[in-house]
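Topology and contacts: notes
The lines below spell out each chain.
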Amino acid sequence: MALVFEFIAQQWLLVAALAATIGMFFYHESRRSGASLTPQQAINLANAESGVFVDLRDNADFSRGHVVDALNIPAGKLESRMAELENYRDKPVILVCKMGQHSGGVGKKLNEKGFNRVYRMSGGMMEWSNMQLPVVK
């Protein structure tokens, strides 16, 4: 362990460069999957620019409560149901999952398919519920 501290002390510039590179990598990866929005920012964007909420949860979770007018496309079925999103190619697509963890991978897929305005709702439906925003059952 003492050797690690000695290396860091002697090669602090290399260690700092490595830390900066790792930080930039994670920042880049998070941006590739779409910018993160709070639930209130997501509502404002969807209303102002005719965006759509895409709920990535399974049908059972979706039926327990979801955002008004949200499309339910489970994350595992995105490839086969991509046609449902074609009308929203140039509009904001806001991805919603249970806690905000699964939307990143789906955001990357949509970006690869040419959807340039993909956003992730931070905290997912858990945050939506915590803010006591309305849901439809």
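Assigned secondary structure in the chain consists of six helices and five strands. Taken from the N to the C terminus, the helices and strands of the chain come in the order α-α-β-α-β-α-β-β-α-β-α. Taking 2.2 N^0.38 as the reference for a compact globule, 137 residues should give roughly 14 Å; the C-alpha atoms of the chain span a radius of gyration of 19 Å, well beyond that estimate. Seen through its principal axes, the chain has C-alpha atoms that stretch 60 × 35 × 30 Å. Residues classed as buried in the chain amount to 36% of the 137 residues present. If you sum the accessible surface of the chain, you get close to 8,400 Å²; carbon and sulfur atoms cover 58% of it. In the chain, the 15 positive side-chain charges and the 13 negative ones have mean positions that sit 3 Å from each other.

Sheet strands pair via backbone hydrogen bonds, and the direction of the pair is either parallel or antiparallel. The sheet built from five strands is open, its strands ordered 1-5-4-2-3 with parallel pairing. Of all strands in the sheet, those bounded by a partner on one side alone are strand 1 (35–37) and strand 3 (71–72).

This brings us to the packing of aromatic side chains. Summed over the entire model, instances satisfying the criterion amount to one aromatic pair. Residues Phe53 and Trp128 carry aromatic rings whose centres are separated by 5.9 Å and whose planes lie at 75 degrees to one another, so their mutual orientation is edge-to-face. Taken as a pair, Phe53 in strand 2 (residues 52–55) and Trp128 in helix 6 (residues 124–130) lie far apart in primary sequence, 75 residues in all. Exposure remark for Phe53: the relative accessible area of 7% places this residue in the buried category.

Mapped onto the fold, Phe115 is located in the loop between helix 5 (103–112) and strand 5 (118–121). Those residues within four positions of Phe115 in sequence are excluded, and the remaining contacts are Met82, Leu85, Glu86, Tyr88, Arg89, Val93 and Leu110.

This part is about the nonpolar core. Judged by nonpolar contacts, the single largest core of 17 residues is most densely connected at Ala42, Phe53, Val67, Ile94, Tyr119, Met121 and Trp128. Going through the elements one at a time, strand 1, helix 3 (39–49), strand 4 (93–96), strand 5 and helix 6 are the ones with two or more residues in this core. The element that contributes the greatest number of residues to this core is helix 3, accounting for four residues. When sequence neighbours within four positions are dropped, the list of residues in contact with Ala42 reads Leu37, Phe53, Ile94 and Met121.

What counts and how
Residues numbered from 1 in each chain as written. Predicted model: local features only at pLDDT ≥ 70, side-chain atom pairs only at ≥ 80, totals over all residues. Heavy atoms only, no water. Helix = DSSP H or I, 4+ residues; strand = E, 2+ residues; numbered from the N terminus. Rg over C-alpha atoms; globule rule 2.2 N^0.38 Å. Buried < 20%, exposed > 50% of the residue type's maximum accessible area, 1.4 Å probe, protein only. Areas by Shrake-Rupley, 256 points an atom, 1.4 Å probe, with all protein chains shown as cover. Lys, Arg positive; Asp, Glu negative; His and termini not counted. Charge placed at Lys NZ, Arg CZ, Asp CG, Glu CD. Pairing = 2+ DSSP bridges. Phe/Tyr/Trp six-rings, centres within 6.5 Å; stacked < 30°, edge-to-face > 60°. Contact = heavy atoms within 4.5 Å. Core = buried A, V, L, I, M, F, W, Y, C linked by side-chain atoms within 4.5 Å.

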